[in-house]
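Next come the chains, spelled out residue by residue.
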Amino acid sequence: MPRTPIIAGNWKMNTDAAAARELVEGLKAAGVSDIGGVEKVLCPPFVYLQLVAESVKGTSIAVGAQNLHWEEKGAFTGEVSATMLKDFATHVIIGHSERRQYFGETDEDVNQKLRAVLDHGLTPIVCVGETGPERNAGKMQDVLRAQIKGALADVTLPDSAVIAYEPVWAIGTGVAATAEDANAAIAFIRSEVAPLQGDATAQAIRILYGGSVTPANIAELAAQPEIDGGLVGGASLVADSFAQMVKAVASS
Ligand code: PGA
């Protein structure tokens with residue numbers, strides 16, 4: 001079965017309410033909802049999830065959160081649970097490198113978050129990726145292996161699960177991995193998932209590339225056999241560029 005590609009927009013800590021609404025309206029006006037053969041996911045900040053969910057109602061555009069807490073409820077000031085997200089989102093980004101880097105998230109945290117997401121029937125987008133120094137030291141595969149093993153410990157992934165390979169050195173730098181390098185890293189990730197989850201699951205899950213994806217490079221990236229679309233930060237904040245990337249992936 002061919003894997004349906006995904007373009008997911010990670011808005012990070014950007015937009016305000018008016019800009020969020022305008023962005024969604026721009027995407028609808030650009031015809032994003034009518035483009036078939038590709039899943040479209042918007043991941044706004046928590047406070048705009050409801051607004052975005054209401055704006056995309058009746059379209060083919062899905063909504064994702066950027067993070068969550070693994071507990072159901074309780075005294076966890078400032079946190080948001082899967083139960084709360086479920087009302088507005090179908091997807092959740094987990095373990096983004098900015099969470100790991102700035103907020104100390106560990107592979108164990110990622111594992112707990114993944115369990116919570118799966119327990120609630122949400123679709124995870126689990127992020128992994130090496131830093132520049134790790135890559136230069138020849139440790140890329142070791143880092144990816146450890147992140148995958150840590151994230152997937154005692155977890156059974158559904159075929160709908162998503163992993164995003166996001167080399168930290170490529171995020172927000174304007175320097176994307178080459179299509180060949182990204183394809184090789186993603187092939188490696190799939191080969192690490194196989195013994196943990198079975199060959200069929202490893203072949204079924206979508207693995208995205210993220211890190212300076214733009215309308216200029218997405219077609220070449222998505223044309224690679226292992227790359228199932230993109231997790232896009234900066235270029236997802238402009239309606240026309242998001243629409244162009246969705247179109248490029250749909251026809252790749
Ligand atoms: P970028 O971010 O597209 O702005 O590089 C990607 C990401 O962090 O998900």
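Described below are features of the structure shown in this document. Source: prediction; values computed, not measured.

### Some points on the overall build of the protein
So, point 1. A count of helical and extended segments in the protein gives eleven helices and eight strands.
So, point 2. Along the longest, intermediate and shortest principal axes, the C-alpha atoms of the protein span 45 × 45 × 35 Å.
So, point 3. Out of the 252 residues in the protein, the part that is buried amounts to 54%.
So, point 4. Put simply, of all contacts in the protein between residues at least 6 apart along the chain, 72% involve residues at least 24 apart.
So, point 5. If you sum the accessible surface of the protein, you get close to 10,800 Å²; carbon and sulfur atoms cover 52% of it.
So, point 6. Where the 19 positive side-chain charges of the protein centre and where its 30 negative ones centre are 2 Å apart.

### Regarding helix H1 (residues 17-29)
So, point 1. The terminal C-alpha atoms of H1 lie 18 Å apart, and with 13 residues this matches the ideal 18 Å at 1.5 Å per residue to within 8%.
So, point 2. Looking at H1, one finds that the buried residues are Ala20, Leu23, Val24 and Leu27. One side of H1 holds all its buried residues, which, seen down the axis, span an arc of 95 degrees. Opposite its buried face, H1 presents the exposed residues Glu22 and Ala29, each directed more than 90 degrees away.
So, point 3. Buried residues belonging to H1 abut strand S2 (39-43), helix H2 (49-56) and helix H11 (239-250).

### Focus on unusual backbone geometry
So, point 1. Located in the positive-phi region is Lys12, a residue other than glycine, with phi close to 50 degrees.
So, point 2. Assignment of secondary structure puts Lys12 in the loop between strand S1 (6-10) and H1.
So, point 3. Unusually for a residue other than glycine, Ser212 sits at a positive phi of about 60 degrees.
So, point 4. One can find Ser212 in the loop between strand S7 (206-210) and helix H10 (218-222).

### Describing the environment of Ala151
So, point 1. As for its placement among the helices and strands, Ala151 is situated in helix H7 (residues 140-152).
So, point 2. Along the chain, Ala151 and Ala89 lie 62 residues apart, while their C-alpha atoms are 21 Å from each other.
So, point 3. Ignoring any residue separated from it by four or fewer positions in sequence, one finds Ala151 in contact with Asp107, Val110, Asn111, Leu114 and Val126.

### Structural notes on the nonpolar core
Looking at soluble globular proteins, one finds that nonpolar side chains tend to be buried together.
So, point 1. Residues Ile7, Leu42, Val52, Ile163, Ile189 and Tyr209 are the most contacted members of the largest nonpolar core, which totals 71 residues.
So, point 2. Looking at which element gives the most residues to this core, the answer is helix H8 (residues 179-197), with eight residues.
So, point 3. Excluding its chain neighbours within four sequence positions, the residues that come into contact with Ile163 are Val126, Val128, Ile148, Ile189, Val193, Ile205, Arg206, Ile207 and Leu208.

### Brief notes about the state of the cysteines
So, point 1. Taken as a whole, this structure holds zero disulfides when the rule is applied.
So, point 2. Take Cys43: it sits in no disulfide, and the sulfur closest to it among the cysteines is that of Cys127, at 9.3 Å.
So, point 3. For Cys43, a relative accessible area of 0% puts it in the buried group.
So, point 4. The buried category is assigned to Cys127, whose relative accessible area is 2%.

Criteria and cut-off values
Residues numbered from 1 in each chain as written. Predicted model: local features only at pLDDT ≥ 70, side-chain atom pairs only at ≥ 80, totals over all residues. Heavy atoms only, no water. Helix = DSSP H or I, 4+ residues; strand = E, 2+ residues; numbered from the N terminus. Buried < 20%, exposed > 50% of the residue type's maximum accessible area, 1.4 Å probe, protein only. Contact = heavy atoms within 4.5 Å. Areas by Shrake-Rupley, 256 points an atom, 1.4 Å probe, with all protein chains shown as cover. Lys, Arg positive; Asp, Glu negative; His and termini not counted. Charge placed at Lys NZ, Arg CZ, Asp CG, Glu CD. Expected span 1.5 Å × (residues − 1). Arc of directions from axis to C-beta. Core = buried A, V, L, I, M, F, W, Y, C linked by side-chain atoms within 4.5 Å. Disulfide = S-S within 2.5 Å.

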